[in-house]
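Given next are the chains, with one letter for each unit.
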Amino acid sequence: MEWNHETAQFLSQCFLNTLSPLPEPRRQAETALSETSERSNYGLAVLHLVAEPSIDEQIRQSAAVNFKNHLKSCWAPSPPREPNLPALNPISDPEKALIKSLIVSLMLKSSPRIQSQLSEALAVIGKHDFPKAWESLLPELVANLHSLTQANDYVSANGVLVTINSLFKKFRYQFKTNELLLDLKYCLDNFAKPLLEVFKRTVSLIDQAVASGAVNAATLKMYVESQRLCCRIFYSLNFQELPEFFEDHMDEWMIEFKKYLTVKYPVLEDTGNDGLAVVDGLRAAVCENIGLYMEKEEELFQKYLSGFVEAVWSLLVVSSASSSRERLTVTAIKFLTTVSTSVHHTLFERDDILEQICQSIVIPNVMLRDEDEELFEMNYIEFIRRDMEGSDLDTRRRIACELLKGIGMHYKDKVTAKVSLQIKNCLGLFSQNPDANWKYKDCAIYLVVSLATKKAGGNSVSTDLVDVENFFGSVIVPELQSRDVNAFPMLKAGALKFFTMFRNQLPKVVAMALLPDVVRFLASESNVVHSYAASCIEKLFLVKDDGTRARYTATDISPFLLVLMTNLFSAMEKPESEENQYIMKCIMRVLGAAEISRDVASACITGLTNVLNRVCQNPKNPIFNHYLFESVAVLIRRACERDPTLLSAFEGSLFPSLQMVLANDVSEFFPYAFQLLAQLVELNRPPVPQHYMQIFEILLLPESWKKSANVPALVRLLQAFLRKAPHELNQQGRLSNVLGIFNTLISSPSTDDQGFYVLNTVIENLGYDVISPFMGHIWVSLFNRLQQGRTVRFLKNLVIFMSLFLVKHGLHNLVVSMNAVQKDVFQTIVEQFWVPSLKLITGSVELKLTSVASTKLICESSTLLNSKVRGKILDSIVTLLCRPEEERVLEEPEVPDFGETVGYNATFVHLYNAGKKEEDPLKEVNDPKQYLVASLSNLAAASPGTYPQLIRENLEAANQAALLQLCSSYNLSIV
């Protein structure tokens, strides 16, 4: 694609149309750009457009965004996740070279908005090419930074620092490797000194500006931002280990760091707007830097420590009172927490210091603020993510409690006493005026919950701050028994969270008395409250006594089960809770525990199919949808166990929904739909109803198997049909289609285990007269894989398949069908693959099947296999049966899973409640060890002396002893 007037005009019009409020021109422009992006030099042409000053700024900004996204996709494109999707065309090396030669100078000449996009684009290139494939970049940036700061052009200088900061961030997050350390050394050699020079020059400019008394706020703001960026780069360069250059110049850095924590800049801080935020951004960066040195270089940092603790302390007392200074507050408290857990913890030993920490830092930061209430009301998902799921480690509420935990590591009794007193004071203030002072009660509850310690190896928590039962009875119960479920919702949420947190400690009689109240809170208008109520109920059903026995059973909830289910489904009709994952998870858990009557089953299947029909229109919450399908599966399983006649009602409700999933190509739900259909097929008694056979025809189409995410679920459904409709399988060429599917699956290492599942089900459910004509093709497919790319997993699956064939259709048919493909191949396979792979088998059913089949092989192959081979088979059987799995099973490299993706790229997710029961093909054999010894004893009796010699010559000494022990255990002998 050449850059000329026509190209400029075409691209300009396209980018202008992408900004159109009308959908049609916008879609046409996006399609045109997408098609054009496949052409060579497209990225270069867009960059030229961005550089053209005569073109409107908005168009160039849109082009800059497109350029950045184009680089993300095509600079180093990943292979497509699905094999049938086309690969993206990578940018050619000559085009890459031209882009790299232009981008830095263009970025520095651009307006701030375009500069921001080009800086991000440059970081995209740097992620792949810097430094090894772009050695000119850092020297170019350093030279530009030097000239820009000398010219006092801090707008552009900060643009360079932003870019360098992006390039160096990898040193914070990547694992330490030799390659990473080499890259770090290159960056240190080329930028450690220039960084200090820029930092010191800006220090003097700030000092001069402040001293003059006539400082310009906008100019000072740019200087402060420059120092913040220098601090972030400092953090990246020091993250892995302390470089020698920084150790040599530590004083120069630390003196200025302390100054930024103690000096005020009234022209920025007192004028409102974002001036204070800019200065606090610098202070927060400083706190992160000194926290890093405290963690990694405590000894070298020691001489600066007391000064920094004092500075941070003073800063915190002021910043804790302001809700707009959360970032600074969090990083400052983190620094103090790091100090409190170090050898310098004595700095926090004095009672008056602990008192100040509680009153001036902890309580002000734990108390609810307006923004907490706003988040509670406006974004309940984020509130719960922070509050209940523990993602709030970087919020002032949680980090203030982390500081107390840190100090408590060395002064537990003192901290417990101080915090207990604070809790008592908060509750006292609440009792004086409950309506006005409810936040104090919330603060007390939050302190108890956040400072609770988790007991090792379980979900139980404990606290020394309060007596849990007394606190629950006096503080929590009044909230739970409140008649108005909508009054003081944040207090109600806190009470429900406490109940959930301490559920193991609370006696069953206490919890059961309050469970109907928790069910009432499902009707609360607050999304957080009804979510916490659902979560509380769900977690109660996970409580175990003695580690195994469920504390709460079906009998406990049966009196109010219908009300509970009604309230749960009603809660999903409230605004913003239509796809509430906590409610759906609770539904799943309750259905898994309750005795489901016909009335409850009918109401639940109606409610679940209504939800399913709604989410089919626009699937957007994968977690909710997973719990939805698990709920359907557990309802079918539990209800039909109790009353099989419910199956037809379930089919009537579910079939239209599942058909809608398939007909409307809701691909995200295909794996779930196939698993549910498999569950329904298995619950039917033969003959399978005709409407299922229509789905069977869809199942046999090659198109159904193209998406790898569908394969395990389709195999599961196919297995169900093979078990329930074996006769229909042998009609209309269906068996050929099934074996064609097997052939496709077995050819790939990522799906060969699924291929064996299909093959094993065919072998197990059809007579040999039916499968005999196809055995030649089956063996050819297996032998081809054996020769090309066999894996340990494939060999184990092959032994399992051959074992199943042997016990179902006899050794004669196994040998004849194999040798018909290739002369004497059976003996070769047994010697080279069966014997060594037998020891690696895992799984109780598989172990039993393969050991019994191998025993039969020894007993029935005296004319087929020589004594040495039979002896080696016996050695492998004894290893399999007598040695622990960890001693005999080798770790094998993981084959990439079907879909290593998250969210909605339609990956396979197993439905626990729709899983098939593992079938035992040898129900008549109870003990494979006894079967081995009894078979050998009978065999040896027919030819005395033969088998003791075979054992001595072929079994390892340990296995000889193990076999002797087995004979003794079963009172049998091998003569």
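Residues numbered from 1 in each chain as written. Predicted model: local features only at pLDDT ≥ 70, side-chain atom pairs only at ≥ 80, totals over all residues. Heavy atoms only, no water.

As named in an unreviewed UniProt entry, the chain is Importin N-terminal domain-containing protein, taken from Anisodus acutangulus. In the Sequence similarities (unreviewed entry) part of its UniProt record, the chain is described as follows: "Belongs to the XPO2/CSE1 family." (UniProt positions renumbered as here; feature names shortened; annotations may be inferred.)

A.B. asks: Explain the overall build of the chain to me, please; I cannot follow it from the model alone.
C.D. replies: When its secondary structure is counted, the chain shows 49 helices and four strands. Projected onto the principal axes, the alpha-carbon positions of the chain cover approximately 110 × 75 × 65 Å. Counting over 975 residues, the chain shows a buried share of 54%. At a minimum sequence separation of 6, the contacts of the chain that also span at least 24 residues come to 75%. Total accessible area computed for the chain in this model is approximately 43,200 Å², and 51% of it derives from carbon and sulfur atoms. (Helix = DSSP H or I, 4+ residues; strand = E, 2+ residues; numbered from the N terminus. Buried < 20%, exposed > 50% of the residue type's maximum accessible area, 1.4 Å probe, protein only. Contact = heavy atoms within 4.5 Å. Areas by Shrake-Rupley, 256 points an atom, 1.4 Å probe, with all protein chains shown as cover.)

A.B. asks: Where do I start with a negative patch on the surface in this structure?
C.D. replies: Side chains of Asp-370, Glu-371, Glu-374 and Glu-377 sit close together on the surface and give a patch of like negative charge. In this structure, Glu-377 sits in helix α19 (residues 370–378). (Patch = residues over 30% accessible without salt bridge, like charges linked within 9 Å, V, L, I, M, F, W, Y side chains within 5 Å. Salt bridge = Lys/Arg side-chain N within 4 Å of Asp/Glu carboxyl O. Lys, Arg positive; Asp, Glu negative; His and termini not counted. Charge placed at Lys NZ, Arg CZ, Asp CG, Glu CD.)

A.B. asks: Looking at this structure, I do not really get the pattern of salt bridges. What am I missing?
C.D. replies: Side-chain pairs of opposite charge can arise where the charged atoms are in close proximity. Inspection of the entire model under this criterion finds 54 salt bridges. For Asp-207, the salt bridge is made with Lys-259, and the minimal N-O distance between the two is 2.9 Å. One end of the pair, Asp-207, is in helix α10 (residues 178–212); the other, Lys-259, is in helix α13 (residues 250–262), with 52 residues separating them in the sequence. Residue Asp-251 is joined to Lys-303 by a salt bridge in which the shortest nitrogen-to-oxygen separation is 3.7 Å. One end of the pair, Asp-251, is in helix α13; the other, Lys-303, is in helix α16 (residues 298–319), and 52 residues separate them in sequence.

A.B. asks: Would you mind going over unusual backbone geometry with me for this structure?
C.D. replies: Glycine aside, a negative phi is what most residues show, and trans is what most peptide bonds show. At the junction of Phe-130 and Pro-131, the peptide bond is cis and its omega measures out at 0° in the coordinates. The backbone phi angle of Glu-576 is positive, close to 75°, even though this residue is not glycine. By the secondary structure assignment, Glu-576 is in the loop between α29 (561–571) and α30 (581–593).

A.B. asks: Before we go on, may I ask you to explain the packing of aromatic side chains in this structure?
C.D. replies: Remark: the centre distance and the inter-plane angle together describe each pair of aromatic rings, the angle taken between the planes. In this structure the tally under the stated criterion is 35 aromatic pairs. Each ring, one from Phe-130 and one from Phe-168, has its centre 6.5 Å from the other, and the planes form 25°; the classification is stacked. Taken as a pair, Phe-130 in the loop between α6 (112–129) and α7 (137–150) and Phe-168 in helix α8 (residues 154–168) lie far apart in primary sequence, 38 residues in all. Classification of Phe-168 as buried rests on a relative accessible area of 0%. (Phe/Tyr/Trp six-rings, centres within 6.5 Å; stacked < 30°, edge-to-face > 60°.)

A.B. asks: I tried to follow the nonpolar core on my own but got confused; where do I start?
C.D. replies: If you look at soluble globular proteins, the nonpolar side chains tend to sit buried side by side. Ranked by internal contacts, the top residues of the largest apolar core, which has 340 residues, are Phe-168, Phe-335, Leu-782 and Phe-801. Per-element tally for this core: the top contributor is helix α42 (residues 792–819), with 15 residues. (Core = buried A, V, L, I, M, F, W, Y, C linked by side-chain atoms within 4.5 Å.)

A.B. asks: What's the story with helix α34 (residues 670–683) in this structure? I'm lost.
C.D. replies: For an α-helix, 3.6 residues make a turn, and residues three or four places apart therefore share a direction. The terminal C-alpha atoms of α34 lie 20 Å apart, and with 14 residues this matches the ideal 20 Å at 1.5 Å per residue to within 8%. Within α34, twelve of the 14 residues are buried, which leaves it mostly tucked inside the rest of the structure. Within α34 the residues assigned to the buried category are Phe-670, Pro-671, Tyr-672, Ala-673, Phe-674, Gln-675, Leu-676, Leu-677, Ala-678, Gln-679, Leu-680 and Val-681. Against the buried residues of α34 lie α32 (622–642), α33 (647–663), α35 (690–699) and α36 (711–724). (Expected span 1.5 Å × (residues − 1).)

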